[in-house]
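Topology and contacts: notes
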Amino acid sequence: MLESIPFLILRPTFIRALCCVRWTMAQSQVSAKKQQELQQQYTNFKNNLQQLADRIGNVEQETEEHKLVLETLKPLPGERKCFRMINGVLVERTVKDVLPALQTNSDGLKRVLDELVKQYKRQQEDMEKWKKKNNVQVVQQ
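Read on for a plain summary of the structure.

Conventions and cut-offs
- Residues numbered from 1 in each chain as written.
- Predicted model: local features only at pLDDT ≥ 70, side-chain atom pairs only at ≥ 80, totals over all residues.
- Heavy atoms only, no water.
- Helix = DSSP H or I, 4+ residues; strand = E, 2+ residues; numbered from the N terminus.
- Core = buried A, V, L, I, M, F, W, Y, C linked by side-chain atoms within 4.5 Å.
- Buried < 20%, exposed > 50% of the residue type's maximum accessible area, 1.4 Å probe, protein only.
- Polar contact = N/O pair within 3.5 Å; in protein donor to acceptor, adjacent residues only side chain to side chain.
- Contact = heavy atoms within 4.5 Å.
- Phe/Tyr/Trp six-rings, centres within 6.5 Å; stacked < 30°, edge-to-face > 60°.
- Salt bridge = Lys/Arg side-chain N within 4 Å of Asp/Glu carboxyl O.
- Pairing = 2+ DSSP bridges.
- Expected span 1.5 Å × (residues − 1).
- Patch = residues over 30% accessible without salt bridge, like charges linked within 9 Å, V, L, I, M, F, W, Y side chains within 5 Å.
- Areas by Shrake-Rupley, 256 points an atom, 1.4 Å probe, with all protein chains shown as cover.

Another aspect to go through is unusual backbone geometry. Positive phi, close to 50°, is recorded for Asn87, a residue that is not glycine. By the secondary structure assignment, Asn87 is in the loop between strand S1 (81-86) and strand S2 (89-94). Even without glycine at this site, Asn135 takes up a positive phi of about 55°. For Asn135, the location among the structural elements is in the segment after helix H2 (95-133).

This brings us to the nonpolar core. Membership of the largest hydrophobic core is limited to 7 residues, which are Leu70, Leu73, Cys82, Val95, Val98, Leu99 and Leu102. Of all the secondary-structure elements, those providing two or more residues to this core are helix H1 (12-73) and H2. For this core, the element with the highest residue contribution is H2, accounting for 4 residues.

Glancing now at the side chain of Thr94. Relative to the assigned elements, Thr94 resides in strand S2. At 2.9 Å, the side chain of Thr94 and the side chain of Asp97 are in polar contact. When neighbours within four sequence positions are excluded, Thr94 is seen to be in contact with Gly78, Glu79, Arg80, Lys81 and Cys82.

A word on the packing of aromatic side chains. In this structure the tally under the stated criterion is 1 aromatic pair. Considering the side-chain rings of Phe45 and Trp130, the 5.4 Å spacing of their centres and the 50° angle between planes classify their relative orientation as tilted. Of this pair, Phe45 sits in helix H1 while Trp130 is found in helix H2, placing the two residues 85 residues apart along the sequence. Of the residues examined, Trp130 reaches a relative accessible area of 12% and is grouped as buried.

Okay, the pattern of salt bridges next. Inspection of every chain in the model, using the stated rule, returns 3 salt bridges. Residue Lys131 is joined to Glu128 by a salt bridge in which the shortest nitrogen-to-oxygen separation is 3.6 Å. Note that Lys131 and Glu128 are positioned in helix H2 at a spacing of 3 residues, about one turn of the helix. You can call Lys131 buried: its relative accessible area is 13%.

Pairing of S1 with S2 involves 6 bridges; the strand directions are antiparallel. Paired with Phe83 across the bridge in S2 is Glu92. In this structure, the hairpin formed by S1 and S2 is closed by a connection of 2 residues, where Asn87 is found at a positive phi of approximately 50°.

Now for the side chain of Ser106. You can see Ser106 is positioned in helix H2. Judged by its relative accessible area of 3%, Ser106 is buried.

Turning to H2, a few remarks are in order. Helix length check: H2 (39 residues) gives 56 Å between terminal C-alpha atoms against 57 Å at 1.5 Å per residue, within 8%. Along H2, the residues classified as buried are Val95, Val98, Leu99, Leu102, Ser106, Leu109, Leu113, Leu116, Gln123, Met127, Trp130 and Lys131. With its phi angle positive at about 55°, Asn135 sits one or two positions after the end of H2.

On the surface, Phe83, Met85 and Leu90 cluster together to form a nonpolar patch covering roughly 350 Å² of accessible area. With respect to the helices and strands, Met85 occurs in strand S1.

In structure tokens form, the structure reads like this:
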């Protein structure tokens with residue numbers, strides 16, 4: 001920049017002013033870069049939370065379906081035939097054969113659901129800590 005002004009008499013105050021402007025410009029560039037990084041991190045947090053929420057919703061739906069089927073089958077006699085979908089194939093079984101497997105699956109889904117909820121809460125807490133640490137205030141959610 002100094003070479004582009006050919007006939008300027010450089011005074012010490014002018015040089016200091018130029019240095020300050022460059023420093024301020026560099027600082028604003030760093031600030032803009034930091035802002036971009038913070039925005040990206042915030043977006044990552046929100047995306048992770050959304051993915052966990054989607055998985056929680058899917059598992060909750062499956063758990064409810066298992067619960068409904070269990071409630072329907074429990075009062076029926078054990079020798080009654082029923083049909084079960086296994087890997088896309090409809091298989092004929094008896095109620096006494098299906099109930100234990102269904103109960104095991106339902107219990108497993110509940111454990112998975114509990115773990116996903118814990119992960120969601122942990123992720124939310126991490127996000128809140130990150131927001132406080134970086135002094136991030138969300139304007140619009």
